[in-house]
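# A closer look at the structure
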Amino acid sequence: MRTILWDITSRCNMRCKHCYNVNYLNNSELIYTQEELEQIFKNMEDLNVKKICFLGGEPTISQNIVNAINIGSQKKLNISITTNGQFFSEEFWNCIIND
């Protein structure tokens, strides 16, 4: 199964000793427009990607995460998220529960 690992943000609220990304935490975050996200997922589809894992930093604080999950769900991708779970907003819960 072709898989993408996407560090969707480098921002994080913790400093875990085991974190592989600790030297890059809290660098600036790329903010994607809806059209850019759709093009990214179109490119994944063209590459026959079937699974995406959102990483970070802390992916749930990314401004892009809800839109990215929604688009991935519409494309029937297997989606996973590596998170510390401290920023689960109502919008985020609704996004993952309804899909």
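Below is a short write-up of the structure.

A separate point is the pattern of salt bridges. As enumerated under the stated definition, the model contains two salt bridges in all. Two residues, Lys42 and Asp46, come together in a salt bridge whose shortest N-O distance is 2.7 Å. Of this pair, Lys42 and Asp46 both sit in helix α1 (residues 34–46), four residues apart, roughly one helical turn. Relative accessible area serves as the criterion here: at 36%, Lys42 is assigned to the partly exposed category.

Even without glycine at this site, Asn48 takes up a positive phi of about 65 degrees. By secondary structure assignment, the location of Asn48 is in the loop between α1 and β2 (51–55).

It is worth spelling out the pairing of strand β3 (residues 78–81) at this point. Here β2 pairs with β3 via four bridges, running parallel. Bridge pairing in β3 links Cys53 to Ser80. In this view, the connection linking β2 to its parallel neighbour β3 by way of helix α2 (residues 65–74) has right-handed handedness.

This part takes up the environment of Val49. With respect to the helices and strands, Val49 occurs in the loop between α1 and β2. The class of Val49 is buried, set by a relative accessible area of 5%. Residues Val49 and Leu77, spaced 28 residues apart in sequence, show a C-alpha to C-alpha distance of 7.8 Å. Apart from the residues within four sequence positions on either side, Val49 is in contact with Arg2, Ile4, Met44 and Leu77.

Counted as a void, the largest pocket has a volume near 240 Å³. Lining the largest pocket are 15 residues, with His18, Cys19, Gly56, Gly57 and Thr82 positioned closest to its centre. Within the lining of the largest pocket, the residues separate by chemical class into seven nonpolar, six polar and two charged.

Rules used throughout
- Positions within a chain are numbered from 1, following the residues in the order the chain's sequence is written.
- Local features in this predicted model are restricted to residues whose pLDDT is 70 or higher, and side-chain atom pairs enter the listing and the counts only when it is 80 or higher, whereas totals over whole chains, interfaces and linings include all residues.
- The side-chain numbers reported here are obtained from all heavy atoms of the structure, hydrogens and water having been left aside.
- By definition, a salt bridge exists where a carboxyl oxygen of Asp or Glu is found within 4 Å of a side-chain nitrogen of Lys or Arg.
- What counts as a helix is a DSSP run of H or I of at least four residues, what counts as a strand is a run of E of at least two, and both are numbered from the N terminus.
- Three exposure classes are used, based on accessible area relative to the maximum for each residue type with a 1.4 Å probe and protein chains only: buried under 20%, partly exposed in between, and exposed over 50%.
- The pairing criterion for strands is at least two bridges between them, as found by DSSP.
- Every crossover in which the path from the first strand over the helix to the second runs clockwise, viewed with the strands pointing away from the viewer, is termed right-handed.
- Only heavy atoms enter the contact rule, under which two residues are in contact if any of them lie within 4.5 Å.
- Buriedness of a pocket was judged along seven lines, with at least five required to meet protein on both sides within 12 Å; pockets are open sets of points on a 1 Å grid over the protein atoms alone, cavities are sets where a 1.4 Å probe fits but cannot get out, and lining residues have an atom within 4 Å of a point.
- Grid points are joined across faces, edges and corners, and a volume is the space filled by probe spheres set on the points.
- Under this grouping Gly is polar, as are all residues other than the nonpolar Ala, Val, Leu, Ile, Met, Phe, Trp, Tyr, Cys and Pro and the charged Asp, Glu, Lys and Arg.

Any functional reading would require information that these geometric values do not contain.
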